[in-house]
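# Secondary and tertiary structure notes
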Amino acid sequence: MHSHSCGFSSDPHNDSGRFPVLAIHSLSKRYGTRQVLSEIAMSIHAHEVLALCGPSGSGKTTLIRIISGLTGFDGGRLQIADSIVAADAPYPGNLFGKVGVVFQEPNLFPHLTAIENVMLALREFKRLPANQAHERAMVELERMKLASLARRYPASLSGGEKQRLAIARALAVDPLLLLLDEPTANLDPDLVDEVCDRILELAGAGMTMLLVTHNVDFARQAAGSFALLQDGRCRCSRDGALLENLRSRRK
Ligand code: ADP
Ligand code: MG
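Residues numbered from 1 in each chain as written. Chains lettered and ligands numbered in written order. Predicted model: local features only at pLDDT ≥ 70, side-chain atom pairs only at ≥ 80, totals over all residues. Heavy atoms only, no water.

By the secondary structure assignment, Q35 is in strand β2 (residues 34-45). A C-alpha to C-alpha distance of 26 Å links Q35 and V216, two positions 181 residues apart in sequence. Setting aside anything within four residues of it in sequence, one finds Q35 in contact with S28, K29 and R30. A polar contact of 3.0 Å, which involves the side chain of Q35, links it to the backbone oxygen of L37. (Helix = DSSP H or I, 4+ residues; strand = E, 2+ residues; numbered from the N terminus. Contact = heavy atoms within 4.5 Å. Polar contact = N/O pair within 3.5 Å; in protein donor to acceptor, adjacent residues only side chain to side chain.)

What follows is the structure, given as structure tokens:
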């Protein structure tokens, strides 16, 4: 429905499908003496969703933080679109607007309304004038089914609404890649579906995403490829059966 108007791929390379949007090569990360990630490899092509699962403490958030430039790493390299990030080099500043992130906590500005939270990102990253930022923010709120709540403050929104607002804000700046770190983990069970449904719509519309989740059924619905992180190592497969491993361990 939204497939061509979303601006999901502003980079022509991504529509060619020849270059991955994200490629991780032999990436390693330690905290002190603890090796959290050991020679991780994975890639995500344009319009693909990769679901990343793994036990608590296996390094999923660390990997999301590394890809988004919030944490450094010790070995290997990242390729995001046509930029290379090396272990010993600073994160290229131009990537901050290209990689959108939604964490478990929505991290909204409490003193700004829903629409102002989205507009702020547009003003900062896209340098849009106020009227254009407002228009674009409204498109994103509509897509997340939040249009009627545009003037509400975060404190008056439910957990599911806040998380959808965080997604709207991340999408507004046209990221090439959206990283979602357990976006429903802190929600009451009855609010999980409204967030999962919006993510499934994004997947259907061709948004390129790395989705960290413990929800194996949701992962299998949303994603076309799968990665399992365990003991610092990562296994990837196009077959969702990879995750059944995790499900049986969690019973
Ligand atoms: P996950 O998201 O899969 O639960 P994390 O990436 O949060 O895992 O954490 C992986 C491991 O790294 C854990 O053992 C955690 O305690 C450790 N860790 C995470 N962040 C830090 C940090 N800033 N300093 C030291 N250790 C950390
Ligand atoms: Mg985590």
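Next up on the list: the side chain of T213. Locating T213 in the fold gives a position in the loop between β8 (209-212) and α7 (216-222). Assessed through its relative accessible area of 4%, T213 is described here as buried. A distance of 2.9 Å separates the side chain of T213 from the backbone nitrogen of N215, its partner in a polar contact. If we skip the residues at most four places from it in the chain, T213 touches L52, C53, E182, F218 and A219. (Buried < 20%, exposed > 50% of the residue type's maximum accessible area, 1.4 Å probe, protein only.)

The next subject is the sheet that holds β2. An order of β2-β1-β4-β5 is seen for the four strands of this open sheet, with the pairing classed as antiparallel. Of all the strands in the sheet, just β2 and β5 (83-86) have a single pairing partner and so form its edges. Taken over all neighbouring pairs, the strand axes of this sheet differ in orientation by 15 degrees on average, direction set aside. Bridge count between strand β4 (residues 75-80) and β5: four bridges; the pairing is antiparallel. In the strand pairing of β5, R77 is matched with A86. Here helix α2 (residues 60-67) sits on the sheet and contacts β1 (20-31), β2 and β4; the angle it forms with β1, its principal contact strand, is near 120 degrees. (Pairing = 2+ DSSP bridges. Axes fitted to C-alpha atoms, helices over the stretch in contact; angles between N-to-C directions.)

Of all five residues making up strand β3 (residues 49-53), five are buried, and the element is well covered by its neighbours. When β3 meets β8, the two strands line up parallel, connected through four bridges. When the bridges of β8 are listed, L52 appears paired with V212. Where β3 and strand β9 (residues 225-230) come together, four bridges link them in parallel fashion. Looking at the pairing, C53 lines up with L228 of β9.

A word on the sheet that holds strand β10 (residues 233-237). Taken together, six strands build an open sheet; the order of strands is β6-β7-β8-β3-β9-β10 and the sheet is mixed. The two strands at the open ends of the sheet, each matched to only one other strand, are β6 (99-102) and β10. Averaged over neighbouring strand pairs, the angle between their axes works out to 15 degrees when direction is ignored. Taken together, the five bridges between β9 and β10 define a ladder with antiparallel strand orientation. Considered in β10, the bridge of Q230 is made with R233. Those strands touched by helix α6 (residues 189-204) are β3, β7 (177-181) and β8, and its axis lies near 150 degrees from that of β8.

Before going further, it helps to spend a moment on the nonpolar core. Within the largest apolar cluster, 49 residues are counted, with the highest numbers of intra-cluster contacts made by I167, L178 and M209. Apart from the residues lying within four places of it in its own chain, the contact partners of M209 are I44, E48, V49, L50, L177, L178, L180, I199, L202 and A203. Among the nonpolar cores identified, the runner-up in size contains 32 residues, and V36, A46, V212 and L229 belong to it. (Core = buried A, V, L, I, M, F, W, Y, C linked by side-chain atoms within 4.5 Å.)

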